[in-house]
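One letter stands for each residue in the lines below.
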Amino acid sequence: MDVNFYLSQIEEILSFAKYSERTIISYKTYTKPFLLYCSDTLHKEPENVSYSEIRKFLTTLQKERALSDASLNHAISEIRFLYEAVIGRAWNPKQVPARRISHPLPFVPDRQTVQEFISTIEDIKKKAMISLLYSAGLRIHEVCHLKCSDIDHGKGQIYVSPSKNRHDRFVILTENTFQLLCSYWHSLPPHLKTRDWLFTQQTNIEKPIYTQFISGFIPEHESALGWEHRLSAHSFRHAYATHSYQDGMDILTLSRLLGHTSLNSTTIYVHLADICSGSHRSPMEGMVIG
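Residues numbered from 1 in each chain as written. Predicted model: local features only at pLDDT ≥ 70, side-chain atom pairs only at ≥ 80, totals over all residues. Heavy atoms only, no water.

1. With respect to unusual backbone geometry
Thinking step 1. A positive phi angle, close to 55°, is found at His43, a residue other than glycine.
Thinking step 2. Position of His43 relative to the elements: it lies in the loop between helix 3 (31-42) and helix 4 (51-65).
Thinking step 3. Taking relative accessible area as the criterion, His43 reaches 64% and is therefore assigned exposed.
Thinking step 4. Not every positive phi belongs to a glycine, and Ala66 is a case in point at roughly 55°.
Thinking step 5. Tracing the sequence through the fold places Ala66 in the loop between helix 4 and helix 5 (69-87). (Helix = DSSP H or I, 4+ residues; strand = E, 2+ residues; numbered from the N terminus. Buried < 20%, exposed > 50% of the residue type's maximum accessible area, 1.4 Å probe, protein only.)

2. A look at the layout of surface pockets
Thinking step 1. A volume near 410 Å³ is recorded for the second largest pocket.
Thinking step 2. Forming the walls of the second largest pocket are 19 residues, and the residues nearest its centre are Ile118, Tyr134, Ser135, Asn176 and Thr177.
Thinking step 3. Among the elements of the structure, helix 6 (111-119), helix 7 (124-135), helix 9 (175-187) and helix 12 (233-246) are those that each provide at least two residues to the lining of the second largest pocket.
Thinking step 4. Considering each element in turn, the lining of the second largest pocket owes the most residues, five residues, to helix 6.
Thinking step 5. Taken together, the residues that form the lining of the second largest pocket break down as seven nonpolar, nine polar and three charged. (1 Å grid on protein atoms, 1.4 Å probe; cavity = no way out; pocket = protein on both sides within 12 Å on 5 of 7 lines; lining within 4 Å. Points joined across faces, edges and corners; volume = space filled by probe spheres on them. Nonpolar A, V, L, I, M, F, W, Y, C, P; charged D, E, K, R; others polar.)

3. Focus: the side chain of Glu142
Thinking step 1. Mapped onto the elements, Glu142 comes out in helix 8 (residues 140-144).
Thinking step 2. Judged by its relative accessible area of 4%, Glu142 falls in the buried class.
Thinking step 3. Within the structure, the side chain of Glu142 is placed 3.0 Å from the side chain of Arg169, a separation counted as a polar contact. (Polar contact = N/O pair within 3.5 Å; in protein donor to acceptor, adjacent residues only side chain to side chain.)

4. Some words on the pattern of salt bridges
Thinking step 1. A full pass over the atoms with the stated rule returns eight salt bridges.
Thinking step 2. The shortest N-O distance in the salt bridge between Arg111 and Asp247 comes to 3.0 Å. Remark: Asp247 occurs in the loop between helix 12 and helix 13 (251-258) and Arg111 occurs in helix 6; sequence separation between them is 136 residues.
Thinking step 3. In this structure, the salt-bridge partner of Glu142 is Arg169, at a minimum N-O distance of 3.0 Å. (Salt bridge = Lys/Arg side-chain N within 4 Å of Asp/Glu carboxyl O.)

Pasting the structure below:
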């Protein structure tokens, strides 16, 4: 069986649909080991693999890689795409059902926590990047893929190119964040300054920085502060949205600034803002029950 043939077909179809290179690579994360399982373990073409064999592969995959149920659902989606788009075989979702996942409310750091976390970062590059996560509510890959030309100090805004939902947008550039960016820029030696990507790789200034640069730093800084590990890069986006709503930003404006395609994605922050404000009282408060 030619595993590379199926993988090349996936690439061709997704490229035709104008998916990003990052998405195309991710679609092979679990498809490739599944194809190797078909070839090396079952000695079958994927067309001839049964649903029970697919379920057995997924169960083993989750156990060996310690995958979350959400990650396993990604694997199911990739294999389904292989069968429907590449092989042309109908897929029965009842035979390989997606895992049911509970959706707990995300952790939202309060303003004091955000301020202390950012103010204690010594590396100016990391400080500037995390400040952008919070001050503009950006996703981590959006920060990593900012270009110098996206920063418009005169208008107080940042241009965010099409990403997760294929929509570009403008977000707020605060003065203190701009000053941090200036400090970061002036701290760079001449040979590391580029007019293209704002944050570049250390060894190749022609490419944007990896998201791991920040996502890996956050738990390290929590440890340095003696904090429990609760923060992620997305925590600062959650904090931006929640605090902005608490400060009076209307839900439509917030949705537009976050780059959501549906208000349903934004309304969670209404609930989070109410919880975080601490302004509600239980009707039992004040009762004499002893």
